[in-house]
Amino acid sequence: MLKKLATLSERLEEINRLMSSEGATNNMDAYRKLTQEHAEITPIVEQYHVFAQAEQDIAEAHAMLSDPDMKEFAQEEIASGKVKLETVEAELQKLLLPKDPNDDKNIFLEIRAGTGGDESGLFCGDLFRMYSRYAERQKWKVEVMSANESEVGGYKEIIAKIEGYGAYSKLKFESGGHRVQRVPDTETQGRIHTSACTVAVLAEADEINDIVINPADIRIDTYRASGAGGQHINKTDSAVRITHAPTGIVVECQEGRSQHANKAQAMAVLAARIKSKQVDEQQSKIASERKSLIGSGDRSERIRTYNYPQGRITDHRINLTLYKIDAITEGDMDELIGALSAEHQADLLASLGEDN
């Protein structure tokens, strides 16, 4: 590990030289890559320097042990130095964990109503509002790609693109089954009903590098956009449906103002779904017997329950219950997302320990 850290320290010095050199910004793509690498390496190198300083302090304290007047002070320095080394080493291990290549990417958020009829559609709308409010707090951009509104409010299905640095890293653990327990407005006897929705979080595919879609493998159909209450109705066939024959994936898009815009959006969603399918297949092949504590991300897996009468949200994967349902559904998701990320990090560290 120390050899790798020393190499990273040298690389940071090199990046600093490159970024401060004359003409560094002539090639903005290359400069952006350097700034991103600089941001990723800097916290690791800073901790490495703290680690090296702590080692040096301990070595100097050991040299003072032979002096009777300094022995007690030296022993205290050695003890505190060892504690510091352990803390810094643990932090370095976290910083050196393998990074998910999708973490910095934009996402497609897909929410679909499940069991529960009208109440499920309303819950679908509540979940979309929760994620939208969270995105606002992160200063991310939310764009609805496709929405199928239910008759009483909410959605049967809604697909949105969320653009912002780290969107996937924050929301990737949201994929799965979400369950709500509450008394619907239409319930006259005050009985609690249980409804469900499924959430899928897909990393946006890099058009050029990630997915190649053969035009011969897709069928594109156009039709007139329609919406509840006469919304979005137009007189041209601007809505687009794309069918990908090899995977059977079907994508529809009608929120754009033109057929060209809808086709471009549908192709982007298709690429993300194909990529997600490929990643799922790859992970299932290489998955060890030790299942991730965060769960498989399978959309059919029940991951969370929202109990309104008790004011609680329970994430079943990490046995976390928070009694702040109003705050969370208004977008205050930091504690929940932080706990999931921490558990995932602990799981990765445990896996590295098993491999060593």
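Keep in mind that this is a model prediction, so the values were computed, not measured. (Residues numbered from 1 in each chain as written. Predicted model: local features only at pLDDT ≥ 70, side-chain atom pairs only at ≥ 80, totals over all residues. Heavy atoms only, no water.)

Some words on unusual backbone geometry
Just so we agree on the cut-off: Helix and strand definitions here come from DSSP, where helices need a minimum of 4 consecutive H or I residues and strands a minimum of 2 consecutive E residues; each element is numbered from the N-terminal end.
Residue Lys139 is not a glycine yet carries a positive backbone phi of 60 degrees. As for its placement among the helices and strands, Lys139 is situated in the loop between α4 (118-137) and β2 (141-149). The phi dihedral of Asn319 falls on the positive side, at around 50 degrees, and the residue is not glycine. Relative to the elements of secondary structure, Asn319 occurs in the loop between β10 (312-315) and β11 (320-322).

A closer look at the packing of aromatic side chains
Rules: By convention, a stacked pair of Phe, Tyr or Trp rings (six-membered ring in the case of Trp) has centres within 6.5 Å and planes under 30 degrees apart, an edge-to-face pair has planes over 60 apart, and any other such pair is tilted. Whether a residue is buried, partly exposed or exposed follows from its accessible area with a 1.4 Å probe, protein chains only, as a fraction of its type maximum: under 20%, in between, or over 50%, in that order. Charge-over-ring contacts are defined here by two conditions on Lys NZ or Arg CZ: a distance within 6 Å of the ring centre and an angle within 35 degrees of the ring normal.
Taken as a whole, this structure holds three aromatic pairs when the rule is applied. When the centroid spacing of 5.4 Å and the interplanar angle of 70 degrees are considered together, the rings of Phe123 and Tyr306 count as edge-to-face. Of this pair, Phe123 sits in helix α4 while Tyr306 sits in strand β9 (residues 302-307); the two residues are 183 residues apart in sequence, bridging distant segments of the chain. Since its relative accessible area comes to 1%, Phe123 is described here as buried. Exposure remark for Tyr306: the relative accessible area of 1% places this residue in the buried category. The ring centre of Tyr308 lies 5.0 Å from the NZ or CZ of Arg182, which sits over that ring.

Side note on the environment of Ile318
When you line up the elements, Ile318 lands in the loop between β10 and β11. Residues Ile318 and Glu343, 25 residues apart in the sequence, show an inter-C-alpha distance of 7.4 Å.

A few points about the confidence of the model for the protein
Defined as follows: As a per-residue quantity, pLDDT reports the predictor's confidence and falls between 0 and 100. Any pair of residues with heavy atoms lying within 4.5 Å of one another is described as a contacting pair.
Here the protein averages 84 in pLDDT, and 88% of its residues register 70 or above. This model gives residues 228-233 a pLDDT under 50, and the stretch forms nine contacts once residues within four places in sequence are excluded. Taken as a whole, residues 286-293 scores under 50 in pLDDT and shows twelve contacts with residues more than four places along the chain or in a different chain.

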